[in-house]
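As a plain string of letters, each chain reads:
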Amino acid sequence: MLQTNFIKENKVLVIERLKKRNIDATPIVENIIQLDDDRKKTQQTLDSLLSESNQLAKKIGDLFKAGKAEEANALKAQTTELKEKSNTLKEQQNNITDQLNQLLYQLPNIPNELVPNGKTDSDNELIFENNKKVELAQSNKKPHWELAKTFDLIDFELGVKITGAGFPIYKGKGAKLQRALINFFLNEADKNGYQEIIPPLMVNEASGYGTGQLPDKEGQMYYVTEDDLYLIPTAEVPITNIYRDVILKEEDFPIKNAGYTPCFRREAGSYGKDVRGLNRLHQFDKVEIVQIQHPEKSYETLETMVEQIKQLLNQLDLPYRVVRLCGGDLGFTSAMTYDFEVYSAAQEKWLEVSSVSNFEAFQANRLKCRYKDKDGKTNLVHTLNGSALALPRIMAALIENNQTENGIKIPEVLVPFTGFNIIN
RNA sequence: GGAGAAAUGGCAGAGCGGUCGAAUGCGGCAGUCUUGAAAACUGUUGUACCGCAAGGUACCGGGGGUUCGAAUCCCUCUUUCUCCGCCA
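Reading the values: rules and limits
- Residues numbered from 1 in each chain as written.
- Chains lettered and ligands numbered in written order.
- Predicted model: local features only at pLDDT ≥ 70, side-chain atom pairs only at ≥ 80, totals over all residues.
- Heavy atoms only, no water.
- Patch = residues over 30% accessible without salt bridge, like charges linked within 9 Å, V, L, I, M, F, W, Y side chains within 5 Å.
- Areas by Shrake-Rupley, 256 points an atom, 1.4 Å probe, with all protein chains shown as cover.
- Salt bridge = Lys/Arg side-chain N within 4 Å of Asp/Glu carboxyl O.
- Lys, Arg positive; Asp, Glu negative; His and termini not counted.
- Charge placed at Lys NZ, Arg CZ, Asp CG, Glu CD.
- Helix = DSSP H or I, 4+ residues; strand = E, 2+ residues; numbered from the N terminus.
- Polar contact = N/O pair within 3.5 Å; in protein donor to acceptor, adjacent residues only side chain to side chain.
- Contact = heavy atoms within 4.5 Å.
- Near = heavy atom within 4 Å.
- Pairing = 2+ DSSP bridges.
- Phe/Tyr/Trp six-rings, centres within 6.5 Å; stacked < 30°, edge-to-face > 60°.
- Buried < 20%, exposed > 50% of the residue type's maximum accessible area, 1.4 Å probe, protein only.

Peer 1: Let's hear about a negative patch on the surface: which residues, and what values?
Peer 2: Together, Glu205, Asp216, Glu218, Glu226, Asp227 and Asp228 line one region of the surface with negative charge. Assignment of secondary structure puts Asp216 in the loop between helix 8 (205-211) and strand 6 (223-224).

Peer 1: Go over the side chain of Arg324, please, and point to the residues and values.
Peer 2: Structurally, Arg324 can be placed in strand 11 (residues 320-324). Looking at Arg324, its side chain comes within polar contact range of the side chain of Tyr338, at 3.1 Å. Once residues lying within four places of it in the same chain are set aside, the contact partners of Arg324 are Leu114, Pro116, Asn124, Glu125, Ile127, Met336, Thr337 and Tyr338.

Peer 1: With reference to specific residues and values, describe the protein's contact with RNA strand B.
Peer 2: Around RNA strand B, the structure places 19 residues, and the nearest of them are Arg39, Gln43, Ala57, Lys372 and Thr378. Expressed as a percentage, the sugar and phosphate content of the atoms of RNA strand B within 4 Å of the protein is 72%. Take Gln43: an N or O atom from its side chain is 2.4 Å from a sugar or linking oxygen of RNA strand B. The side chain of Ser51 places a nitrogen or oxygen atom 3.4 Å from a sugar or linking oxygen of RNA strand B. If you list the elements that add at least two residues to the surface near RNA strand B, you get helix 3 (26-65), helix 4 (69-106) and strand 14 (370-372).

Peer 1: I'd like to hear about the sheet that holds strand 5 (residues 202-203), residue by residue, with values.
Peer 2: Pairing is antiparallel in the open sheet, where three strands are placed in the order 5-7-6. The open sheet terminates on both sides in strands that have one partner only, identified here as strand 5 and strand 6. Examined bridge by bridge, strand 5 and strand 7 (residues 229-231) share two bridges and lie antiparallel to one another. What sits directly across from Val203, in strand 7, is Tyr230.

Peer 1: Outline the packing of aromatic side chains, listing residues and values.
Peer 2: Summed over the entire model, instances satisfying the criterion amount to 10 aromatic pairs. Centroid distance Phe167 to Tyr222: 6.4 Å. Interplanar angle 50°. Geometry classified as tilted. Linking Phe167 in the loop between helix 6 (156-162) and strand 3 (169-170) with Tyr222 in the loop between helix 8 and strand 6, this pair joins segments that are 55 residues apart in sequence. A relative accessible area of 16% means that Phe167 is categorised as buried. The interplanar angle of 65° and the centroid separation of 6.1 Å between the aromatic rings of Phe184 and Phe417 together place this pair among those described as edge-to-face. With Phe184 in helix 7 (residues 172-191) and Phe417 in helix 13 (residues 415-418), the pair connects residues that are 233 residues apart, well separated along the chain.

So, to be careful, I would describe these as geometric facts and stop short of saying anything about function.
Written as structure tokens, this is what we have:
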């Protein structure tokens, strides 16, 4: 969430920038500023009341010790009134902070000035395209769900039997290709200096709030009621929350962690052709890279992360493009996001395989992840993350684009990991 | 799952209901000494909020209660440790 002081000091900017998201934040911002002023005033009177009580209590103690019980008991009467007053004030104060927090939770991150205006993904800004789209012969233009069946790589129906729709079962070479991709991605992350993490796949409520899945995206996560835990929708949640309530030193930057995890998403409201095959799943695998960086360096870092993901796709030899999300398409917590899309020649469409974002201090403020600068002052850090990469659509694009008359060719970089170079 | 013990600052570890934001040790930072380092010595060293400042307020695992006054007493939740049971 945004910091109240930042909103106060940059009111015009905040409202202006949030217009990129096609929202008029004026009323909510005004409300926040008003509530914060109220909060300060209440705190002032409350603090002085408490101070008075503290002094009185001390005096009573001294009197008792001096053996002046009568005087002490006389003073006790005064404390009752003070206590009542301070209790009501405390309640008021709690009310105000609750309201304030609720409003702050509703306010999304302010987009970076480079974020284009727009409403839908068609307004996203094309940043890069490697122009490697391939043409497939009509005879070899099968979508991955057909190829998966032909070569017995993935069994969607069996997944339905075991669990339900959106929980595919990978088999044989399909499973091996999957494992090869995970290892390849993790190795690359390692080469780029990320520490490998194997986090828990379930998180508590506090972690959900820390990275911003809660309170607004509750319906997206699977929730284990009995134990009050959430299945992670992305490794971003546990890996970033490692730094919840942590104060870092300046020399700790940058912190680079990467982790492979399955991801669980309820995807309520999805339907139709978009959910066919691997295009949208309830459980999928992903390698996530997460960085914690000095505020002055976060955008530089974002670009290096983009570069790292490009290298992955280059090595896999896939046609892809990078877009900068427009305000309307931008996630709630992000200040700037690049999406990576690979082109599927068989489906004849772009598939989103990665999303790299700079959250600036938005997550850090919820996480209370700070660093001490040279003057000893604590400031919020900037957090970033990106998929490097999400498996299913990579898998889909790989088998679709590489289908030949003789079978599906495996990209060279993966062969050491798969142990085979063709699926036939 | 059953029985017991515990939770205090970066760490270790004191703390009779008032003099406790909290002893002491270690660590960190700054300085003195030194050609430099070590040692020794001196000082400093939690977070948040309010306030121009002086200063004030809150926080001793979380929440609630008793009391004029709670780190200290009571209730509750969570976590950790020990023992027993079960088990990858």
